[in-house]
Amino acid sequence: MNTRRSVFFIFSRGWLLAWLLAWLPLCAVAAEGKDHITQRAWLEDATGQLSWPAVQQSTPLPYTGMLSKGFGPSVIWLRLRIDPQASQVSVKEPDRLVLRIRPVYLDDIQVFDPLATQGLVGKTGDIQHPREDEFEGMDFLLPIARGEQPRDIWLRLASTSTRQIDVQALNVEALDQRIRVQQLLFAVYIGLILIFAVWALVYWLFSRESLIGAFCLAQTTALFYALGSLGYLRAFWPMAWPAAWLDMGTTIFSISAVSTAMLFHFMLLREFDPPRWTVRVLILMLALFPLKLALLTQWPTAALRLNMSEVLISPFFFVLSVLLSRGWSKTGSQQPPLTKPVVLAFYVLLVANLCVAALAGLGLVSSGEIALHIVQVHGLVTGFLVLLMLQYRAHVMNQQRREISLALERSQVQAQQERNIREEQEKLLAMLAHELKTPLATMHMRLDSTASGSQEIRKAIRDMDNVIERCLQTAQLGDRQLTAHLAPTDVVGIVRDAVSYCKQPAQIHMDLPQQSLANTDKQLLFIVLSNLLENACKYAATDTPIRVRLQSVSAPASSQSVLQIEVSNSPGIAGWPEADKVFEKYYRSPHARRQAGTGLGLFLVRNLMHILGGRIDYAPNDSAICFVVQLPGSVQSP
């Protein structure tokens, strides 16, 4: 709980710091003093055919601040009242003012002034080459006469992008001062975005995390969009390059910045396990990117309107995805490192942030100049948040690595202890086996076969010897001392040897070919068959036959033949073994415990067949218990 609270504290303070870093410089740029424009009004020309003398006879609608009329084919006319006495006279150029027009992605702007000889003062916009302007800079700058009396000038705007426009009439000294402040603050912003992009690229090269890759891509496109939308590309655009390239490039950067930001948020939200249908909707939003590029060639206004609509809608869907995400309902290390309140607060602020830009860009609300820089604010805040998130993630991963290291150290110590104990047990078992087998052999040799109960004693001695032998073989199996030495072997001979070795050979009925060769290990196969036959003799019904059948069959997944040995018997008083437990170590059915045994025979058989590269299956039928052994390798039968 303390960790969660500290994470919320860090991220809440981080957001506050990021928002201050992002907004204060932009507010400083927007905090303009009073310029020479005292009244503003606008008029929409739906046909685009009105002339300047015609619009002078109309009655435009007043507005203040920045005009936001969204996307559309109509021409917008602005009437601006210029008051020469609204601010002090310039020392450098007392007879001129400069119109500062923003943003720099507006297409075509024409300025008409009664003091101009032909009425038309000049043209600007991103369809005009920036090197042809008298005042070159990061904004659209157009000089006009200062005049002596207040007058109205008119500005004609036609643009495929959103028709947001902010106009100021400044003297040269005020313009120089504001441009210097703007250049400094925009340079800081560009530098931060560049640092985020380079840091993300380096981090991704080392980690190859998809989220970091998406963040790097988003920051890179945000950087290029900032260079275009803030006027850097315009300020340094070569004379030999057409102005149309600058217009198209800025538009493409705008679309790419939105889509790559969508990709980053999609990758981030996936870590919180949102519902599947929300993931599909996010993928559908990402699929709008090629559609927007396709629309851009013929219908640029439609492409940009769709792009701005995506900016408006997607943050609300991000909030919904966070609310419905299931990641925080998990426990332990599966739970996301960021708490739900932190992520939800971030996306709620994102909604408030981007809605201002989107609503103004679509012309649904009026706003100030700050709306022009909302995307830059979003880039800074997102970058800062990702830095905090990754630092916290690194902290969590370091803790997990330390815990894993300690657990590994503990497991190594425990493994060494278990290894020492097992070695001691093996030594004890080997010693006991040696000490027991010698007396048992002596007892067997000296036992008088004519004495009363000699057969029962011999049987008990043999059972004890078998138990010791199986324990030794199981220990060798655990130490991987039993290895297969494959060689061409007569399997028929091994079967006959195993039958003759068992205690009731007369009860066994064999169905064998004259000879059958297989590439196997003679000793290990003998142990397998001996254990199967001993089990059958021990647990078969009294005076019933035990059947052994040897034949060649086709492998299920291959055209080659395999050798198959079936050992079957009728169930005795021990009944039928449990199919899912029959090969488990130490397993014995409840009714089989009346007879001597270890529960190691079938466990040993299964593991020996793995060493031989074959398999054994329990395949009973309606009347008999049946075990089927399959041997791989080259098989030859006459």
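Heads up: the structure comes first, above all this text.
Residues numbered from 1 in each chain as written. Predicted model: local features only at pLDDT ≥ 70, side-chain atom pairs only at ≥ 80, totals over all residues. Heavy atoms only, no water.

1. Let's talk about the overall build of the chain
Of the regular secondary structure elements, the chain holds 15 helices and 18 strands. Residues counted as buried form 47% of the 638 residues belonging to the chain. Taking all contacts inside the chain whose residues are at least 6 apart in sequence as the whole, residues at least 24 apart take part in 76%. Carbon together with sulfur atoms contributes 59% to the accessible area of the chain, which is approximately 32200 Å² in total. (Helix = DSSP H or I, 4+ residues; strand = E, 2+ residues; numbered from the N terminus. Buried < 20%, exposed > 50% of the residue type's maximum accessible area, 1.4 Å probe, protein only. Contact = heavy atoms within 4.5 Å. Areas by Shrake-Rupley, 256 points an atom, 1.4 Å probe, with all protein chains shown as cover.)

2. Observations concerning the pattern of salt bridges
One pass over the structure, following the stated rule, counts 15 salt bridges. The shortest N-O distance in the salt bridge between Glu93 and Arg96 comes to 2.7 Å. Given the relative accessible area of 26%, Glu93 is considered partly exposed. The exposure class of Arg96 is partly exposed, given its relative accessible area of 25%. A salt bridge links Arg102 to Asp166; its shortest N-O distance comes to 3.2 Å. Of this pair, Arg102 sits in strand β5 (residues 96-102) while Asp166 is found in strand β10 (residues 164-170), placing the two residues 64 residues apart along the sequence. We classify Arg102 as buried; its relative accessible area is 4%. For Asp166, a relative accessible area of 8% translates into the label buried. Through salt bridges with shared partners, a single network forms among Glu93, Arg96 and Glu134. (Salt bridge = Lys/Arg side-chain N within 4 Å of Asp/Glu carboxyl O.)

3. Details of the pairing of β5
Within β5, six of the seven residues are buried, which leaves it mostly tucked inside the rest of the structure. Here β5 pairs with strand β8 (residues 140-145) via six bridges, running antiparallel. In the sheet register, Arg100 faces β8, and the bridge partner there is Leu141. In the sheet, β5 pairs with β10 via five bridges, with the strands oriented antiparallel. The residue of β10 that forms the bridge with Val98 is Leu170. (Pairing = 2+ DSSP bridges.)

4. Looking at the packing of helix α6 (residues 243-270) against helix α8 (residues 288-298)
Where α6 meets α8, the axes come as close as 10 Å, and the angle between the chain directions of the two elements is 165°. Judged by the angle between their axes, α6 and α8 are roughly antiparallel. As for the relative orientation of α6 and α8, their crossing is right-handed in sense. Across the interface between the two elements, Met248, Thr251, Ile252, Ile255, Ser256, Val258 and Ser259 from α6 touch Phe289, Lys292, Leu293 and Leu296 from α8. Of the residues assigned to the contact of α6 with α8, the class counts are seven nonpolar, three polar and one charged. (Axes fitted to C-alpha atoms, helices over the stretch in contact; angles between N-to-C directions. Parallel < 35°, antiparallel > 145°, perpendicular 65-115°, else oblique. Left-handed = near helix turned anticlockwise from the far one by under 90°. Nonpolar A, V, L, I, M, F, W, Y, C, P; charged D, E, K, R; others polar.)

5. Section: the sheet that holds strand β17 (residues 625-631)
Here we have five strands laid out as an open sheet, ordered β12-β14-β15-β17-β16, and mixed in their pairing. Either end of the sheet is taken by a strand with one partner, and the two such strands are β12 (508-511) and β16 (615-618). Each strand of the sheet is rotated relative to its neighbour by a mean of 20°, with strand direction disregarded. Pairing analysis gives four bridges linking β12 to strand β14 (residues 546-554), with the strands arranged parallel. The partner of Met510 across the bridge, within β14, is Val548. Helix-sheet contacts for helix α13 (residues 491-501) involve β12, β14, β15 (561-569) and β17, and the interaxial angle to β12 is about 175°. Lying over the sheet, helix α14 (residues 522-539) contacts β12, β14, β15, β16 and β17, oriented at roughly 25° with respect to β15.

6. Some thoughts on the packing of α14 against helix α15 (residues 601-612)
Running from amino to carboxyl end, α14 crosses α15 at an angle of 150°, the nearest separation of the two axes being 9 Å. Here α14 lies roughly antiparallel to α15, going by the angle between them. Crossing of α14 over α15 shows left-handed handedness. Within the contact between the two elements, α14 uses Leu524, Leu525, Ile527, Val528, Asn531, Leu532 and Asn535 and α15 uses Gly601, Leu602, Leu604, Val605, Leu608, Met609, Ile611 and Leu612. Along the lines of polarity and charge, the residues of the contact of α14 with α15 split into 12 nonpolar, three polar and no charged.

7. Brief notes about a nonpolar patch on the surface
Taken together, the side chains of Leu194, Val198, Leu201, Val202, Leu205 and Phe206 make up a nonpolar region of the molecular surface, amounting to roughly 570 Å² of accessible area. Turning to its location among the elements, Leu205 is positioned in helix α3 (residues 172-207). Classification of Leu205 by relative accessible area gives partly exposed; the value is 45%. (Patch = residues over 30% accessible without salt bridge, like charges linked within 9 Å, V, L, I, M, F, W, Y side chains within 5 Å.)

8. Here's the deal with the nonpolar core
Phe264, Leu282 and Tyr347 are the most contacted members of the largest nonpolar core, which has 57 residues in total. If you list the elements that add at least two residues to this core, you get α3, α4 (210-229), α6, α7 (276-286), α9 (300-324), α10 (340-361) and α11 (374-446). Apart from residues no more than four positions distant in its own chain, Leu282 is found in contact with Met262, Phe266, Leu269, Phe317, Phe318 and Ser321. Counting 40 residues, the second-largest nonpolar core is a separate cluster that includes Ala536, Val548, Ile616 and Leu631. (Core = buried A, V, L, I, M, F, W, Y, C linked by side-chain atoms within 4.5 Å.)

9. Observations concerning the pairing of β10
With seven of seven residues buried, β10 is to be regarded as a mostly interior element. Taking every second residue as pointing to the same face, both faces of β10 are buried, with Gln164, Asp166, Gln168 and Leu170 on one and Ile165, Val167 and Ala169 on the other. Pairing geometry for strand β3 (residues 67-68) and β10, over two bridges, is antiparallel. Each bridged residue has a counterpart across the sheet, and for Leu67 the counterpart in β10 is Ile165.

In short, the description is geometric, and any link to function would need to be established separately.
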